[in-house]
Amino acid sequence: MRKEFERFLINKGYKEYTPSGHPSTVYDYIKRIDSVCLWENTDWNGLANKIARILPKYEQGGAKAHLGAKSHNAVKSALRCFKQFVNSN
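Owing to the predicted nature of the structure, the values given are computational and were not obtained by experimental measurement.

Visitor: I'm lost on the overall build of the protein chain in this one. Help?
Guide: When its secondary structure is counted, the protein chain shows 5 helices and 0 strands. Ordered by position from N to C terminus, the α and β elements of the protein chain give α-α-α-α-α. Whereas a compact globule of 89 residues would reach a radius of gyration of roughly 12 Å, the protein chain reaches 13 Å, a difference of no more than 12%. Judged by the C-alpha coordinates and their principal axes, the protein chain covers about 35 × 30 × 20 Å. Burial analysis of the protein chain (89 residues in total) assigns 37% to the buried set. Across the protein chain, the fraction of contacts at a sequence separation of at least 24, relative to all contacts at a separation of at least 6, is 49%. Working note: accessible area of the protein chain is about 5,400 Å², and carbon and sulfur atoms make up 48% of it. Distance between charge centres in the protein chain, computed from 15 positive and 8 negative side chains, equals 5 Å.

Here it is, written out as structure tokens:
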């Protein structure tokens, strides 16, 4: 599922690498989803099955909003993209 999410992000126009050659948004979002899986004690498939219930926890006002806001809302943004990915399949 990780590889399919990577392709989804690339097809949506997210960058793989910065101009200096460092990993960019695609790989950052993959790492953020890995982190959420750890925090939620699940794997990618489990997260996909529960994304509609999990995402609101990381949104503003949610129980884990402080985690969703990390790194300029990167966790929340990654989860939103992951939800789009799940809904597109």
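Visitor: In this structure, what is going on with the packing of helix α1 (residues 2–11) against helix α5 (residues 70–88)? I would like to understand it.
Guide: Helix packing for two helices is described by the angle between their axes and how far apart those axes are. Where α1 meets α5, the axes come as close as 10 Å, and the angle between the chain directions of the two elements is 100°. Viewed along their axes, α1 and α5 adopt a mutual orientation that is roughly perpendicular. Residues E4, F5, F8 and L9 of α1 form the contact with α5, whose participating residues are A78, C81, F82, Q84, F85 and S88. Its residues assigned to classes, the contact of α1 with α5 shows 7 nonpolar, 2 polar and 1 charged.

Visitor: Explanation requested: the side chain of S24 in the structure shown.
Guide: By secondary structure assignment, the location of S24 is in the loop between α1 and α2 (25–39). Overall, S24 belongs to the buried group, its relative accessible area being 15%. The residues touching S24, leaving out its near neighbours within four places in the chain, are K15, E16, Y17 and T18.

What counts, and at which threshold
Residues numbered from 1 in each chain as written. Predicted model: local features only at pLDDT ≥ 70, side-chain atom pairs only at ≥ 80, totals over all residues. Heavy atoms only, no water. Helix = DSSP H or I, 4+ residues; strand = E, 2+ residues; numbered from the N terminus. Rg over C-alpha atoms; globule rule 2.2 N^0.38 Å. Buried < 20%, exposed > 50% of the residue type's maximum accessible area, 1.4 Å probe, protein only. Contact = heavy atoms within 4.5 Å. Areas by Shrake-Rupley, 256 points an atom, 1.4 Å probe, with all protein chains shown as cover. Lys, Arg positive; Asp, Glu negative; His and termini not counted. Charge placed at Lys NZ, Arg CZ, Asp CG, Glu CD. Axes fitted to C-alpha atoms, helices over the stretch in contact; angles between N-to-C directions. Parallel < 35°, antiparallel > 145°, perpendicular 65-115°, else oblique. Nonpolar A, V, L, I, M, F, W, Y, C, P; charged D, E, K, R; others polar.

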